[in-house]
Amino acid sequence: DDDLCVLGVESSCDETAVSVVRKRGGQVEVLSSVIHSQIAAHAVYGGVVPEIAARSHVETIDDLCRRALAEAKTKGFDEAELDAVAATAGPGLIGGVMVGLSFAKGFALARGLPLIGVNHLEGHALSPLLAEPVAFPYLLLLVSGGHCQLLNVRGVGDYQRLGTTIDDAAGEAFDKIAKVLGLGYPGGPALEKCAAEGDATRFTLPRALLGRKDCDFSFSGLKTAAAKVATDHVKTPQDRADLCASVQAAIARQLCERSERAMTAFEAGDKRPAFVVAGGVAANKTVRAELTKLADKHGFRFVAPPMAYCTDNAAMIALAGLERFSLMDADQRSDMLGSMATV
Ligand code: KG4
Ligand code: ZN
């Protein structure tokens, strides 16, 4: 296990982030993780506007990088320690991805360091390792505004996708239904707050893909049904709270049903595997409580990374880059310098 230190850059959606992560003696240390959230800039439009996002990344990334380096230095880091630079190379909003990747490329070229393009989802998949050691294989439920997936994380670079959404992501469903109910953006936290006063049994909402045996998700039917209930039955604040509670329960139930299928098929030998929940929706208390119960029932250890690592951040990108880099031999590493022009 050699010691490695990587600077990570994330800019694929509405967060600009830079981080320095070091791995020493097998132990992961996040030396800095700075994030600029653009939520306020997009809130007036009720969702992320790609052009505004890209411009904001341009304006903030240089300063964020300086801050990330400065903060790491307060923990004894020296810039000469850097072994590589990692940046999200997709998937995401292309304007933003280009800003972060180009910045990282310039930074790497100026210092003669290799550049590693990281898949954003690989970052999420490895994010629990920023906080604590988790043994492979583990089951990961990624529930954010852009993604809804179940993955078997067998090792670095070894991921088996067990299920994904065929339409909206779970966070997107929260956001869109909240918008119909006039709850503002981002809708997830607002809907959860409203649901606290509601009766989850008041409205019966459809259960998606009931006949299917796979681990895929679908939320568009729920969205349509909720919009219809909103028009036909929501007259008072109590009606609205009841609908929010019913929607939240329906989303939690679907996440549990699919996760349960994945757990049943999951092979971890005689080890007690971890069930990791990452992404913004993991902040939802109802969702979290239901998934915790489910994990207990099936003998999984429930792991929810700290929210700062669950939502978009650059530490997970730095770590994914670092782990990739550590698997390369000397020849492959020196090739990374040459290949930088094409990333
Ligand atoms: O992971 P994330 O910060 O960003 C990406 O999508 O990349 O996730 C944001 C999503 C949004 O859709 C937001 O509404 C949802 O997570 N979310 C929640 C809660 N907090 C954030 N959904 C339900 N309940 C919450 N408390
Ligand atoms: Zn993400």
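Residues numbered from 1 in each chain as written. Chains lettered and ligands numbered in written order. Predicted model: local features only at pLDDT ≥ 70, side-chain atom pairs only at ≥ 80, totals over all residues.

The name given to the chain in an unreviewed UniProt entry is tRNA N6-adenosine threonylcarbamoyltransferase, and the organism recorded there is Asticcacaulis machinosus. Recorded in UniProt for the chain, the comment headed Catalytic activity (unreviewed entry) runs: "L-threonylcarbamoyladenylate + adenosine(37) in tRNA = N(6)-L-threonylcarbamoyladenosine(37) in tRNA + AMP + H(+)". Its UniProt record, at the heading Sequence similarities (unreviewed entry), says of the chain: "Belongs to the KAE1 / TsaD family." (UniProt positions renumbered as here; feature names shortened; annotations may be inferred.)

Taking the numbering used here, the UniProt-annotated feature "domain: Gcp-like" (unreviewed entry) corresponds to residues 29–318. As annotated, residues 29–318 comprises 48% helix and 17% strand, and the C-alpha atoms at either end are separated by 11 Å. (Helix = DSSP H or I, 4+ residues; strand = E, 2+ residues; numbered from the N terminus.)

Another aspect to go through is the pairing of strand β6 (residues 138–143). Counting buried residues along β6, six of its six residues qualify, which places the element largely inside the surrounding structure. Residues Tyr138, Leu140 and Leu142 line one face of β6 and the alternating positions Leu139, Leu141 and Val143 line the opposite face, and both faces are buried. Taken together, β6 and the strand that follows it, strand β7 (residues 148–155), pair antiparallel across an intervening segment of four residues. Pairing of β6 with strand β9 (residues 274–278), which is carried by four bridges, proceeds in the parallel orientation. Bridge pairing in β9 places Leu139 opposite Phe275. (Buried ≥ 20, exposed ≤ 12 C-beta atoms within 10 Å, placed from the backbone. Pairing = 2+ DSSP bridges.)

Between Gly90 and Pro91 the backbone carries a cis peptide bond, its omega angle lying at -10°. With respect to the helices and strands, Pro91 occurs in the loop between β4 (84–90) and α3 (94–111). The linkage connecting Phe136 with the following residue, Pro137, adopts the cis geometry, with an omega of -5°. Among the structural elements, Pro137 can be located in the loop between α4 (120–126) and β6.

Split by domain assignment, the chain resolves into domain 1 (4–131 + 310–342) and domain 2 (138–304). Taken together, the 15 residues of domain 1 in the interface contact 18 residues of domain 2. Listing elements by their share of the side of domain 1 that touches domain 2, those giving two or more residues are α1 (39–43), α4 and α11 (315–326). Sort the elements by how many residues they give to the side of domain 1 that touches domain 2 and α4 lands first, with three residues. Class assignment for the residues of the side of domain 1 that touches domain 2 results in eight nonpolar, five polar and two charged. (Domains from an automatic or database assignment. Contact = placed C-beta atoms within 7 Å. Nonpolar A, V, L, I, M, F, W, Y, C, P; charged D, E, K, R; others polar.)

Let us look at the environment of Thr311. With respect to the secondary-structure elements, Thr311 resides in the loop between α10 (307–310) and α11. Under the C-beta neighbour-count criterion, Thr311 is labelled buried, with 25 such atoms within 10 Å.

Turning our eyes to something else, we now look at the UniProt feature "binding site: substrate" (unreviewed entry) in the chain. Residues given the UniProt feature "binding site: substrate" (unreviewed entry) here are Leu142, Val143, Ser144, Gly145, Gly146, Asp175, Gly188, Glu192 and Asn284. In this fold, Gly146 is placed in the loop between β6 and β7. Setting aside residues no more than four positions away along its own chain, Gly146 makes contact with Cys13 and Ala169. As for its placement among the helices and strands, Asp175 is situated in helix α5 (residues 170–180). For Asp175, a count of 24 C-beta atoms within 10 Å puts it in the buried group. If we skip the residues at most four places from it in the chain, Asp175 touches Gly145, Tyr185, Pro186, Gly187 and Gly188.

Our next topic: α5. When you tally the buried positions in α5, you get nine out of 11 residues, the bulk of the element. Listed as buried for α5 are Ala170, Gly171, Glu172, Ala173, Phe174, Asp175, Lys176, Ile177 and Ala178. Against β6, β7, α6 (187–195), α7 (220–233) and α8 (237–265) lie the buried residues of α5. Looking at the residues trailing α5, positive phi occurs at Gly182, about 70°.

Attention now moves to the sheet that holds β9. The five strands lie next to each other as β8-β7-β6-β9-β10, forming an open sheet whose pairing is mixed. The open sheet is flanked by β8 (158–164) and β10 (301–303), the only strands paired with a single partner. Taking the axes of each pair of neighbouring strands and ignoring which way they run, one obtains an average angle of 20° across the sheet. Bridge analysis of β9 against β10 gives three bridges, and the strand direction is parallel. (Axes fitted to C-alpha atoms, helices over the stretch in contact; angles between N-to-C directions.)

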